[in-house]
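One letter stands for each residue in the lines below.
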Amino acid sequence: MNKLFELTKKEASKQRSTINLIASENYPSPKVLELLGSIWNDKYAEGYPHKRYYAGNVFADELEEFVAQKALQVFDQTGEYGVNVQVLSGSPANMMVYFTILEPGDTVLSLDLNSGGHLSHLHSTSPLNKFYKHQSYSLAQTANGFEIDIDDFKNKLIATKPRLVIIGFSAYTRQYDFAKLCEIAHANGALVLADIAHISGLVATGNHSSPFGKDGQGADFIMTTTHKTLRGPRSAMLFAKSEYMAAINKTIFPGTSGGPHLNQIAAVGQALLEVTGEQAYPDKRAFGDYIAAVLANTKALEAGLKSEGIEMVSDTQNHIALVRLPDTTDSLELQKKLESAGVLTNRNAIPGETKTAWSPSGLRLGAAAITSRGADLAQVRQLGELIGTVIAGQDTSALRKFATELSHDLSWWYQD
Ligand code: DSN
């Protein structure tokens, strides 16, 4: 066996025998992986359906049109949006919006990184800030922990006059009202990019408010990756109000990208068919029931942690639980300790962060992946309790034993 297959086998065995609580990861169906590794990989299809720069795209045209139509069927109940399924991943998809609508010197307003924003939303590390000005809004403490501060959001809009506001997060555990945030942004002359990468599975099943709004009232651009709660391949989709689609398409091709990855597009199509129920995940559970189980499991995980006295940044209302670690805890060491016990998590900044990005004050956990493996409420609650004991300073032996047994009991959908 060559090195690459050997490493792949090792990775598969590690994935199977560990408990994955990384909130942005999931286990797509074997059919998704089959299409990712299919002959679609072999084909160049620069251009768009029926307007390609290479021969031989008769089926590629049909594929791209089919997947785009499924994407709109799943997400857009208004008929006011179009979609580009060629974007390769989330961060480049967000950039496509910036390149399409911003002029040098324009201001972009997004959630501050420590409050759960995303790097691609033009934070201080972004080289794009050579061209654009970045401002951020933040969270406020409420009875439920930290939540979007509508007053701060409104005040920042008025004070900074952004051309674009980004509503979207990678470490935020509360639900929010897209219609209200879009209304405020539009009333202040800003366009809205909704980044629903984390919550697209929730949005698709009506378990979160949707940024797709009627009569022009929704977000102007909506980006999602496809491998998180949507449970597809690593890829992305970029939706836009119909009037922006021609410009978005032009920015993507020929503006910034060459041939689309047709294998990714096909695999996204499979994930969408599993959302609509035209195809089934191996456990045969309807996608809506899967997402409902993810939400219940995340609450159970959080309840288990809290029962051990662990503090959360905010009570969860989605697939993420965000722990505020004790001041004395080194989050990097904790993450390693949990990994050594067979539990994968990631350390994360929290609102008002005082430590470094390398060893911040939070720990992010998510239940999307273990729910795909069939974990139930009692199992997840116990997992939360045992992780809580480790955060509180106990050794990892009980957690390690539980994680080993649990990973053995959970479903595994791939062939060795
Ligand atoms: N890295 C992803 C996450 O973990 O949320 C977002 O890009």
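Structure: above.
If you're wondering where the values come from, they're calculated on a predicted model, not measured in any experiment.

Procedures and definitions
- Residues numbered from 1 in each chain as written.
- Predicted model: local features only at pLDDT ≥ 70, side-chain atom pairs only at ≥ 80, totals over all residues.
- Heavy atoms only, no water.
- Pairing = 2+ DSSP bridges.
- Helix = DSSP H or I, 4+ residues; strand = E, 2+ residues; numbered from the N terminus.
- Phe/Tyr/Trp six-rings, centres within 6.5 Å; stacked < 30°, edge-to-face > 60°.
- Buried < 20%, exposed > 50% of the residue type's maximum accessible area, 1.4 Å probe, protein only.
- Lys NZ or Arg CZ within 6 Å of the ring centre and 35° of its normal.
- Near = heavy atom within 4 Å.
- Polar contact = N/O pair within 3.5 Å; in protein donor to acceptor, adjacent residues only side chain to side chain.
- Areas by Shrake-Rupley, 256 points an atom, 1.4 Å probe, with all protein chains shown as cover.
- Nonpolar A, V, L, I, M, F, W, Y, C, P; charged D, E, K, R; others polar.
- Core = buried A, V, L, I, M, F, W, Y, C linked by side-chain atoms within 4.5 Å.

To continue, consider the sheet that holds strand β17 (residues 362–366). Backbone hydrogen bonds are what pair the strands of a sheet, in a parallel or an antiparallel way. One open sheet accounts for four strands, arranged β13-β14-β17-β16; its pairing is antiparallel. In this open sheet, the two edge strands, each paired with only one partner strand, are β13 (311–312) and β16 (346–348). The pairing of β16 with β17 spans three bridges and is antiparallel. Bridge pairing links Asn 346 to Arg 364 in β17.

Right, let's get into the packing of aromatic side chains. Applying the stated criterion across every chain, the model contains 19 aromatic pairs. On the basis of an interplanar angle of 70° and a centroid distance of 4.8 Å, the ring pair of Tyr 81 and Phe 212 is categorised as edge-to-face. Here the residue Tyr 81 occupies a position in strand β4 (residues 81–84), and Phe 212 occupies one in the loop between α7 (200–204) and β11 (221–225), the gap between them amounting to 131 residues. Phe 212 shares its class with Tyr 81; the two are buried. An aromatic cluster of at least three residues, connected via ring pairs, comprises Phe 75, Tyr 81, Phe 212 and Phe 239. Sitting above the plane of the Trp 358 ring, Arg 347 keeps its charged end 4.5 Å from the centroid.

Turning our attention to the site of the ligand. What surrounds the ligand is the set Ser 24, His 118, Ser 170, His 198, Lys 228 and Arg 364. His 118 is positioned such that a nitrogen or oxygen atom in its side chain is 2.7 Å from an oxygen atom of the ligand. Note that an oxygen atom of the ligand is positioned 2.7 Å from one of the side-chain N or O atoms of Arg 364. Here the ligand has 230 Å² of accessible area as a free molecule, and 64% of this is covered by the chains. Here the shell around the ligand is built from residues that sort into no nonpolar, four polar and two charged.

Turning to the nonpolar core, a few remarks are in order. Counting residues in each nonpolar core, the largest one holds 59 residues, and the members touching the most others are Phe 75, Ile 167, Tyr 176, Met 237 and Leu 272. For this core, the element with the most residues is helix α3 (residues 58–75), which contributes seven residues.

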